[in-house]
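Chain by chain, the residues run as shown.
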Amino acid sequence: MNITRETVTIRSLGDELAGVLFLPEAHTPAPVIVVSHGAGEFKENYFELCSLLAEKGIAALAMDMHGHGASQGGRHHVYMKEWVADIRAAIDFLTGHPRVDGGKIGAFGLSSGGTAILEAAMEDKRIKTLITLDATVRDSLPLVAGLFLKAFVAI
């Protein structure tokens, strides 16, 4: 199957993010996976995965998250709110792409990228499928609920 690679720029929180969209040869819009790398990584580490997905008829967007690779932002820092915004900006971009089915969006994330897609999915119902590997879970409970849980565990 022929695969098209599109170099894309996505705006997130006023910064430019670098990405590559892998598109399968298809006559109808394809389902898509947003690929979110871990801390200290970059999009190119996932090109083989994205190519394999596109060969199977699934579009894949590999992008450098804030502060990583060719994207703007504080170098090599992970600010989860930025990364969640990056995932949501990627989804905004993809829903407007004519070769992507905006109703069939999934996300794959490794480590910090896994955390980013989990938190983005809590806010954005457009994400239909999640695949996380070694997500670094953090406390996202509201303050009162977190304090209650900590007190309960202590008892």
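The rules behind each value
Residues numbered from 1 in each chain as written. Predicted model: local features only at pLDDT ≥ 70, side-chain atom pairs only at ≥ 80, totals over all residues. Heavy atoms only, no water. Helix = DSSP H or I, 4+ residues; strand = E, 2+ residues; numbered from the N terminus. Rg over C-alpha atoms; globule rule 2.2 N^0.38 Å. Contact = heavy atoms within 4.5 Å. Areas by Shrake-Rupley, 256 points an atom, 1.4 Å probe, with all protein chains shown as cover. Lys, Arg positive; Asp, Glu negative; His and termini not counted. Charge placed at Lys NZ, Arg CZ, Asp CG, Glu CD. Core = buried A, V, L, I, M, F, W, Y, C linked by side-chain atoms within 4.5 Å. Buried < 20%, exposed > 50% of the residue type's maximum accessible area, 1.4 Å probe, protein only. Pairing = 2+ DSSP bridges. Axes fitted to C-alpha atoms, helices over the stretch in contact; angles between N-to-C directions. Polar contact = N/O pair within 3.5 Å; in protein donor to acceptor, adjacent residues only side chain to side chain.

Novice: Can you help me understand the overall build of the protein in this one?
Specialist: Each helix and strand counted, the protein has four helices and six strands in total. Ordering the α and β elements of the protein from the N terminus gives β-β-β-α-β-α-β-α-β-α. For 155 residues, the compact-globule formula gives about 15 Å, and the C-alpha radius of gyration of the protein, at 16 Å, lands near that figure. Structurally, the protein occupies a C-alpha span of about 60 × 30 × 25 Å along its principal axes. Counted over contacts in the protein with a minimum sequence separation of 6, partners at least 24 positions apart contribute 64%. Total accessible area computed for the protein in this model is approximately 8200 Å², and 59% of it derives from carbon and sulfur atoms. Once the 14 positive and 18 negative side-chain charges of the protein are each reduced to a mean point, those two points are 4 Å apart.

Novice: Explain the nonpolar core to me, please; I cannot follow it from the model alone.
Specialist: When a protein is soluble and globular, its nonpolar side chains tend to lie buried together. Within the largest apolar cluster, 28 residues are counted, with the highest numbers of intra-cluster contacts made by Ile10, Val34, Leu61, Met63 and Ile87. Of all the elements in the fold, those that place two or more residues in this core are strand S1 (3–12), strand S2 (15–24), strand S3 (30–36), strand S4 (59–63), helix H2 (80–95), strand S5 (100–110) and helix H3 (112–123). A total of eight residues in this core trace back to one element, the largest contributor, which is H2. Here Ile10 is in contact with Asp15, Glu16, Leu17, Leu61, Met63, Ala89, Ala90 and Phe93, once residues within four sequence places are set aside. Among the nonpolar cores identified, the runner-up in size contains 12 residues, and Val20, Ile33, Tyr46 and Ala62 belong to it.

Novice: Help me out: how do you make sense of the sheet that holds S2 in this one?
Specialist: The strands making up a sheet associate through hydrogen bonds between their backbones, and the pairing can be parallel or antiparallel. Strand order across the open sheet formed by six strands is S1-S2-S4-S3-S5-S6, with mixed pairing between neighbours. The open sheet has two edge strands with one neighbour each: S1 and strand S6 (127–133). Along the sheet, successive strands turn relative to each other by an average axial angle of 25°, direction set aside. In this structure, S3 lies alongside S5, joined through six bridges in parallel fashion. Counterpart to Ala30 in the pairing with S5 is Val100. Lying over the sheet, helix H1 (residues 47–55) contacts S1, S2, S3, S4 and S5, oriented at roughly 40° with respect to S2. Strand contacts of H3: S3, S5 and S6, with the helix running at about 155° to S6, the strand carrying the most contacts.

Novice: How do you make sense of the side chain of Asp64 when you look at a structure like this?
Specialist: Mapped onto the elements, Asp64 comes out in the loop between S4 and H2. A relative accessible area of 0% means that Asp64 is categorised as buried. Only 2.7 Å separates the side chain of Asp64 from the backbone nitrogen of Lys43, close enough to count as a polar contact. A distance of 2.8 Å separates a polar side-chain atom of Asp64 from the backbone nitrogen of Ala70.

Keep in mind these values describe shape, not function.
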